[in-house]
Amino acid sequence: MQRWRGLEEIPGDWGRSVVTIGSFDGVHRGHQLIINRVVDRARELGVRSVVVTFDPHPSEVVRPGSHPALLAPQPRRAELIAELGVDAVLVLPFTAEFSQESPETFFRQVLVDALHACLVIEGPNFRFGHRAAGDVALLTELGRAADCGVEVVDLQVRGAAGDGEPFSSTLTRRLVAAGDMAGAGEVLGRPHRVEGIVVRGAQRGRELGYPTANVETVPHSAVPADGVYAGWLTANGERMPAAISVGTNPTFDGTARTVEAYAVDRVGLDLYGLHVAVDFLAYLRGMEKFDSIEALLDRMADDVKQARELTDAA
């Protein structure tokens, strides 16, 4: 898959393409539905498929300080899109100047002049251009004049998560914030992940016999609710079952909120400075303050046992 940042990176000889546009944060099952449709239609028409997305999130530019919690950083988003068979991802830097472009200018510069779109596929609530003034009706009108078709896909995927609420990035963020990893996993079609660099912490886990990777997460990451979870720690391409703690370590009167992952039954790991991923499979319990180190160790042993069993079963 080709990856471009900005219109100037698109090859000059790029042919016609089928395109979809959106933030696609999390690349959840609703997003997968529309992207799969783009790939299928491109193959039918004998052209290439392109996903257009933005960085940073538009809300951070339009309303500074309102950046939603990110379900997947841009590189991870591109990986997930690539897995769906897309030919290219175009990341458009979202700036204050870019936010002022009219729907007509955006359509002409991006879809017609740069990507030579013969078909655009979107959900029914798609909006584009300055103040989100463009909608599917305008997109269809502009497309008709430019010999570019428009298809609208129903994205109403539902399940048990959110009591049957349609799957969306907003729903996923809410489930993650509540610690509902089963629900978030249903919407995403995979466990929720956070990423970051392993940094040195207080090293209490090492002293207690449970050395953890203290992960400094990517800014704006959607970090689950405080508690203990079963999941996986991935480092250097190796995925390891893990017991994961999110919170402030109240037994030690901690104040900083951290994400720490203990790779089950692994010894001698040196992960400092590495970029790692933590996947959350299941919520085990809330964050507790224990009266003694012995009580904490007993509970940690139980946490590790549950994490081992759940990841083995998964």
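Below, the structure is looked at part by part. (Residues numbered from 1 in each chain as written. Predicted model: local features only at pLDDT ≥ 70, side-chain atom pairs only at ≥ 80, totals over all residues. Heavy atoms only, no water.)

Let's shift gears to the overall build of the chain. The secondary structure content of the chain amounts to 10 helices and 12 strands. Each of the three principal axes of the chain carries a C-alpha extent, and together these read 75 × 35 × 35 Å. Residues counted as buried form 49% of the 314 residues belonging to the chain. A fraction of 70% describes how many contacts in the chain between residues 6 or more apart in sequence connect residues 24 or more apart. Counting only carbon and sulfur atoms, one obtains 49% of the accessible surface of the chain, whose full area is about 14,500 Å². For the chain, the separation between the mean place of its 31 positive charges and that of its 43 negative charges on side chains is 1 Å. (Helix = DSSP H or I, 4+ residues; strand = E, 2+ residues; numbered from the N terminus. Buried < 20%, exposed > 50% of the residue type's maximum accessible area, 1.4 Å probe, protein only. Contact = heavy atoms within 4.5 Å. Areas by Shrake-Rupley, 256 points an atom, 1.4 Å probe, with all protein chains shown as cover. Lys, Arg positive; Asp, Glu negative; His and termini not counted. Charge placed at Lys NZ, Arg CZ, Asp CG, Glu CD.)

Okay, the sheet that holds strand β10 (residues 238–247) next. Read around the closed barrel, six strands run β7-β8-β11-β10-β9-β12, paired in antiparallel fashion. Across the sheet, the mean angle separating the axes of adjacent strands is 45 degrees when strand polarity is ignored. In the sheet, strand β8 (residues 213–217) pairs with strand β11 (residues 258–263) via three bridges, with the strands oriented antiparallel. Note that in β11 the partner of Val 215 across the bridge is Val 259. (Pairing = 2+ DSSP bridges. Axes fitted to C-alpha atoms, helices over the stretch in contact; angles between N-to-C directions.)

This part takes up the sheet that holds strand β5 (residues 117–122). Strand order in the open sheet made by the six strands is β1-β4-β3-β2-β5-β6, with parallel pairing throughout. Since the sheet does not close on itself, it has two edges, and those belong to β1 (2–5) and β6 (149–152), each with one partner. Within the sheet, the average angular offset between the axes of one strand and its neighbour, ignoring direction, is 20 degrees. Direction of pairing for β1 relative to strand β4 (residues 88–93): parallel, over a ladder of four bridges. If you follow Trp 4 over to β4, its bridge partner there is Leu 90. Relative to the sheet, helix α1 (residues 29–45) contacts β2 (17–21), β3 (48–55), β5 and β6, its axis offset from that of β5 by approximately 155 degrees.

Our focus in this paragraph is the environment of Asp 154. Looking at the secondary structure, you find Asp 154 in the loop between β6 and α7 (169–177). According to the relative accessible area criterion, Asp 154 is exposed, its value standing at 53%. Asp 154 sits 30 residues away from Pro 124 along the chain, and the two C-alpha atoms are 6.8 Å apart. Only 3.0 Å separates the side chain of Asp 154 from the backbone nitrogen of Gln 156, close enough to count as a polar contact. (Polar contact = N/O pair within 3.5 Å; in protein donor to acceptor, adjacent residues only side chain to side chain.)

The next point concerns the side chain of Asp 303. Relative to the helices and strands, Asp 303 resides in helix α10 (residues 293–313). In this view, Asp 303 contacts Val 228, Leu 284 and Arg 285; residues no more than four positions away in its chain are not counted.

Time to look at empty space enclosed by the protein. Following the criterion strictly, the structure yields three cavities of 30 Å³ or more and no others. In this structure, the largest cavity occupies an estimated 150 Å³ of space. Lining the largest cavity are 14 residues, with Pro 211, Thr 212, Ala 213, Leu 269 and Leu 271 sitting closest to its centre. Residue classes in the lining of the largest cavity are distributed as nine nonpolar, two polar and three charged. Here the second largest cavity is characterised by a volume of approximately 60 Å³. Class assignment of the residues belonging to the lining of the second largest cavity gives a composition of five nonpolar, two polar and three charged. (1 Å grid on protein atoms, 1.4 Å probe; cavity = no way out; pocket = protein on both sides within 12 Å on 5 of 7 lines; lining within 4 Å. Points joined across faces, edges and corners; volume = space filled by probe spheres on them. Nonpolar A, V, L, I, M, F, W, Y, C, P; charged D, E, K, R; others polar.)

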